[in-house]
Amino acid sequence: MISYEEAVERFEPVIGLEVHVELGTDSKMFCGCATAFGAEPNSQVCPTCLGLPGSLPVVNGKAVESAIRIGLALNCRIVDWCRFARKNYFYPDMPKNFQTSQYDEPIAVDGHTTVVLDGGDTVRIEIERAHMEEDTGKSLHVGGTTGRIHGASHSLVDYNRSGIPLVEIVTRPVVGPDARAPEVARVYVAHLRALLLALGVSDVRMEQGSLRCDANVSLRPRGIEPLGTRTETKNVNSLRSVERAVRHEVCRQAEVLLDGGTVTQETRHWHEDTGVTTPGRSKEQAEDYRYFPEPDLVPVAPSAGWVDQLRGTLPELPATRRTRLAAKWGFSELEMRDTVGAGALDLVEATVAEGAAPQAARKWWLSVLARTANERGVALSELPVSPRQVADVQGLVDAGRVTDRLARDVLEGVLAGEGSPDEVVAARGLDVVSDDAALTAAVDRAIAANPEVADKVRVGKTAAAGALIGAVMKDLRGQADAARVRELVLDRLG
Ligand SMILES: [Zn+2]
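Here is a short report on the structure shown in this document. (Residues numbered from 1 in each chain as written. Predicted model: local features only at pLDDT ≥ 70, side-chain atom pairs only at ≥ 80, totals over all residues. Heavy atoms only, no water.)

Quick look at helix H8 (residues 345–353)
Piece 1. For H8, the complete set of buried residues consists of Leu345, Leu347, Val348, Thr351 and Val352. Along the axis of H8, the buried residues cluster in a sector spanning 165°; they form a single face. Exposed residues pointing more than 90 degrees away from the buried face of H8 are listed as Asp346 and Ala353. (Buried < 20%, exposed > 50% of the residue type's maximum accessible area, 1.4 Å probe, protein only. Helix = DSSP H or I, 4+ residues; strand = E, 2+ residues; numbered from the N terminus. Arc of directions from axis to C-beta.)

Here's what the structure looks like:
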């Protein structure tokens, strides 16, 4: 396949992103069934979410509230009246043969949000709509090797997910960022994830499907106005995959077009293992769904007073918080991005609150602790070390009791369950040698062992002192303050 660079030289990629977020409500969108993830299959179902004849839906007020708050956080206009519609299609995981969704009357419209790319450039993403709908059940294809329907001997359906409230957030075509489209897609989904988490409306676990992204990609020859034919890659379920899937589609479509072919409008599946997309079904047109207003539900008409009240519940949004903390802590854009990327922002903030300097807090969380979390395959917040303990370790450094290098050993001791930083220092004997008599004795030993180096320092070549300092530090197994050792060395050699 042709390279990405070659593809974007010839064509301008245009993306559009549809993100489905499962709301974290206790009950489903139109019935009182529980929504816990991972429950015994078909244990959280009732006549309504099984679509049995005669059952009637009732709207979940909490879900509407969440949808409004999401809309407000995305700077959307909240409509004063909207309805649900039936989206008709047949699929075994949807027993009613229609999905209750919103069609031409979504609850939130015409928003925008600004994302920050790697390096600090910003892109304003226009939000076309955020609408409410229900999730479908889940099909499990058994007997094959891939878990897909092809090659399976039979299929099972779990309706626990059927009727879980979803909000679908749809962007307008994103045309600005051009060659950085794959990155924009990733950054946008990460931005939404942080925003939804701050709103507390979802656990946004991509690996459990509570945040799913469909990526629309089309290409147009440079300088040509109309958009090209798009494909929609469904259910991409990690940030990295979003970027890879868009990148792959750009290359694939460019190759089709350069070969004189045409891009087929269709949905496509993303294959994590091979990094390619393959065709799904050809894309239905809206008319194929025969949308019509849901007759069993009354319209949703949020009052201006309620919307204002919900606006008052919006938390500080992640982008605002990031800017505020970067300024307060004196972090560069890159330092802040690394901190957020490592999932360390809350931890650094808590460590600073425990008295550590911001840069020191950042340093510990992003070095030895990040490495350990990575080795253990856990999140930073799951490590057995608290912000308080990290602040205490830095406190030991600040008080001159341990060096930076020894502080790493202290943290390792804490992580190994050896107790508090003070206990680790005591148990491992990590206190620096601060007794000048002991330090001077070590300096004298180093001078005696390296007479030629000592002579150089005596005649003013102070750069040579490094070798003596190194010898002292080795002698004292690193448990000395190098700056103090240097002073003593220079002092001894005049
Ligand atoms: Zn139910």
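Considering the pattern of salt bridges
Piece 1. Within this structure, the stated rule accounts for 37 salt bridges.
Piece 2. Within this structure, Glu22, Asp135, Arg161 and Arg212 form a network of salt bridges that share partners. (Salt bridge = Lys/Arg side-chain N within 4 Å of Asp/Glu carboxyl O.)

Describing the coordination of the zinc ion
Piece 1. Around the zinc ion, the donor atoms from the protein are Cys31 (SG), Cys33 (SG), Cys46 (SG) and Cys49 (SG), and they sit 2.2 to 2.4 Å away.
Piece 2. Viewed at the metal, the four donor atoms of the zinc ion are separated by angles of 100 to 115°, and the geometry they form is tetrahedral.
Piece 3. Donor residues for the zinc ion sit on one chain with the sequence pattern C-x1-C-x12-C-x2-C. You'll find cysteine 31 and cysteine 33 in the same group, each marked buried. (Donors = N, O, S within 2.8 Å, 3.2 Å for Na, K, Ca; no water. Tetrahedral: all angles 85-135°; square planar, octahedral: opposite > 155°, others 65-115°.)

Some points on the environment of glutamine 394
Piece 1. Tracing the backbone shows glutamine 394 in helix H11 (residues 387–398).
Piece 2. Taking the C-alpha atoms as reference, glutamine 394 lies 40 Å from arginine 311; in sequence the two are 83 residues apart.

Some thoughts on the environment of methionine 1
Piece 1. Positionally, methionine 1 belongs in the segment before helix H1 (4–10).
Piece 2. Looking at methionine 1, the relative accessible area reads 59%, which means it is exposed.
Piece 3. Linking methionine 1 and valine 256, residues 255 residues apart in sequence, is a C-alpha distance of 9.8 Å.

Points about empty space enclosed by the protein
Piece 1. Scanning the model with the defined rule gives one cavity of 30 Å³ or more in all.
Piece 2. In this structure, the largest cavity occupies an estimated 60 Å³ of space.
Piece 3. Contributing to the lining of the largest cavity are Thr48, Cys49, Met94, Pro95, Lys96, Phe98, Glu134, Asp135, Thr136 and Ser162.
Piece 4. Looking at side-chain class alone, the lining of the largest cavity contains four nonpolar, three polar and three charged residues. (1 Å grid on protein atoms, 1.4 Å probe; cavity = no way out; pocket = protein on both sides within 12 Å on 5 of 7 lines; lining within 4 Å. Points joined across faces, edges and corners; volume = space filled by probe spheres on them. Nonpolar A, V, L, I, M, F, W, Y, C, P; charged D, E, K, R; others polar.)

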